[in-house]
Amino acid sequence: MKNTKSFTLIELLVSNAVSSLHFFAQKSAVATQQRSPLFLKRGVGFGERGKTSFPVKRSFSPLPKSAFTLIELLVVVAIIAILAAILLPALNSARERGRSASCINQEKQLALSVISYADGSDGWGPAASVSGFTRWPASMYVAGYLPDLNVLVCPSAMEYTYSEYHKLARGLSVASLQTASGLTYFNYVHYTLNRYFIKETSDYPLRKVDNAVNASSKILLADGCGNTVNPTTYDTLPVTSRRGYSEGFFVTTESNLKYLSPFIDPRHSGQSNIAWLDGHVTTEKDAYMRYQISTYPTKQYHWDPLLSDPAK
């Protein structure tokens, strides 16, 4: 059976561009040669001494340069523009996949840090509440579980407002960080924890991290976005208007999604990274719709560590 070779669209376009360049170059050389004047070369004849020599040879003396016409240059530019239009989206997509991979690694580090914190705190998570707001990263930083504050900055959210605000906490004393103003530095980090592990409310009693039913199905933390941005305005606002939010995730049955803050942020090309209580991380589409917009207890099961799967 005879083997046939197939070409991709990009390969065909490149091949056509190269062929066009060769064709135009040959065409220009021939056209230039045809336009070149004839020069007479005078040689020494066999006449008598002292007589003027006669012309013995005629030859072409083509100009050495070949040039492209304007139309030819426009064709080449058009081919390059087509190639760029095809390749740039692929390059941007590859770049975002790289940023998402870095985010996944950071979420794994944070998940392990939260679990380590709980191991040293009788199973309790990093709760830190002042005036109703929770700054769980401050508790972990003060306790020495966050030696590298860069882990709180998602590569895909570098342009968010206050994206590195928490780094102002470097060098401050523990006493300063435990005040209301000190804790504020950690309010806009790009990752948000499950509210059951960080804040006691009437709807969300505080739970121990190490006392969960089926830990692989419980969300520990995820890409978080909130405060001035909500799901209904997310796509209409510039990236710089978005911000992280450390306040814990919650489930809502509200039809008005503008009150869902924080929500699981789809900042990775419409997808979100989620770290689960057993330490594994997944990348999911429409995560806030799947896990936050629901009726109890269907999706509450993924948040409350003590709930069993209602489908079983």
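What counts as what
- Residues numbered from 1 in each chain as written.
- Predicted model: local features only at pLDDT ≥ 70, side-chain atom pairs only at ≥ 80, totals over all residues.
- Heavy atoms only, no water.
- Helix = DSSP H or I, 4+ residues; strand = E, 2+ residues; numbered from the N terminus.
- Buried < 20%, exposed > 50% of the residue type's maximum accessible area, 1.4 Å probe, protein only.
- Contact = heavy atoms within 4.5 Å.
- Areas by Shrake-Rupley, 256 points an atom, 1.4 Å probe, with all protein chains shown as cover.
- Salt bridge = Lys/Arg side-chain N within 4 Å of Asp/Glu carboxyl O.
- Patch = residues over 30% accessible without salt bridge, like charges linked within 9 Å, V, L, I, M, F, W, Y side chains within 5 Å.
- Pairing = 2+ DSSP bridges.
- Core = buried A, V, L, I, M, F, W, Y, C linked by side-chain atoms within 4.5 Å.
- pLDDT = per-residue confidence, 0-100.
- Polar contact = N/O pair within 3.5 Å; in protein donor to acceptor, adjacent residues only side chain to side chain.

### With respect to the overall build of the protein
Here's step 1: Looking only at helices and strands, the protein has six helices and nine strands in total.
Here's step 2: Taking all 312 residues of the protein together, 40% fall into the buried category.
Here's step 3: For the protein, contacts bridging at least 24 residues in sequence account for 68% of all contacts bridging at least 6.
Here's step 4: Counting only carbon and sulfur atoms, one obtains 57% of the accessible surface of the protein, whose full area is about 17600 Å².

### Describing the pattern of salt bridges
Here's step 1: All told, the structure shown has nine salt bridges when counted by the stated rule.
Here's step 2: Of the charged contacts, one joins Arg195 and Glu247 as a salt bridge, the two residues approaching to 3.9 Å between their closest N and O atoms. Taken together, the positions of Arg195 in the loop between β5 (191-193) and β6 (219-225) and Glu247 in the loop between β6 and β7 (263-264) put the pair 52 residues apart, joining distant regions of the chain. Neither residue differs from the other here; Arg195 and Glu247 are each classed as buried.
Here's step 3: As a salt-bridge pair, Glu247 and Lys199 come within 2.6 Å of each other at their nearest N and O atoms. Remark: Lys199 occurs in the loop between β5 and β6 and Glu247 occurs in the loop between β6 and β7; sequence separation between them is 48 residues. Exposure class is identical for Glu247 and Lys199. Each is buried.
Here's step 4: Through salt bridges with shared partners, a single ionic network connects Arg195, Lys199 and Glu247.

### Observations regarding a nonpolar patch on the surface
Here's step 1: Side chains of Ile82, Ile86, Leu87, Leu88 and Leu91 sit close together on the surface and give an oily, nonpolar patch of about 420 Å² of accessible area.
Here's step 2: Structurally, the position occupied by Leu88 is in helix α2 (residues 70-119).
Here's step 3: Residue classification places Leu88 among the partly exposed positions, given a relative accessible area of 48%.

### Considering the pairing of strand β8 (residues 271-276)
Here's step 1: For β8, the buried fraction is high: five of the six residues fall into the buried class.
Here's step 2: Relative to β8, β6 runs antiparallel, the two being bridged by three bridges. In the sheet register, Ala222 faces β8, and the bridge partner there is Ile274.
Here's step 3: Where β8 and strand β9 (residues 281-285) come together, five bridges link them in antiparallel fashion.

### Here we look at the nonpolar core
Here's step 1: Formed by 52 residues in total, the largest nonpolar core has its most connected members in Leu110, Trp136, Leu152, Ile264, Ile274, Tyr291 and Trp303.
Here's step 2: Counting only elements with at least two residues in this core, the list comes to α2, α3 (136-142), β5, β6, β7, β8 and α6 (287-291).
Here's step 3: For this core, the leading source of residues is α2, giving seven residues.
Here's step 4: Excluding residues that lie within four positions of it along the chain, Tyr291 makes contacts with Ile219, Val251, Ile264, Ile274, Trp276, Glu284, Lys299, His302 and Trp303.

### Comments concerning the confidence of the model for the protein
Here's step 1: Summing up the model confidence of the protein, the mean pLDDT is 81 and the portion of residues at 70 or higher is 75%.
Here's step 2: This model gives residues 38-45 a pLDDT under 50, and the stretch forms 22 contacts once residues within four places in sequence are excluded.

### Observations concerning the pairing of β6
Here's step 1: Burial within β6 is extensive, with seven of its seven residues counted as buried.
Here's step 2: For β5 and β6, the ladder comprises three bridges, and the chain directions are antiparallel. Residue pairing for β6: Tyr191 is matched across the bridge by Asp223.
Here's step 3: As defined by bridge partners, β6 adjoins β7 across two bridges and the pair is classed as antiparallel. Bridge pairing in β7 places Cys225 opposite Phe263.

### With respect to the side chain of Asn194
Here's step 1: With respect to the helices, strands and loops of the structure, Asn194 is situated in the loop between β5 and β6.
Here's step 2: With relative accessibility at 0%, the residue Asn194 sits in the buried group.
Here's step 3: For Asn194, the side chain forms a polar contact with the main-chain nitrogen of Tyr196, separated by 3.0 Å.
Here's step 4: What Asn194 contacts, discounting residues up to four positions off in sequence, is Ile219, Leu220, His302 and Trp303.

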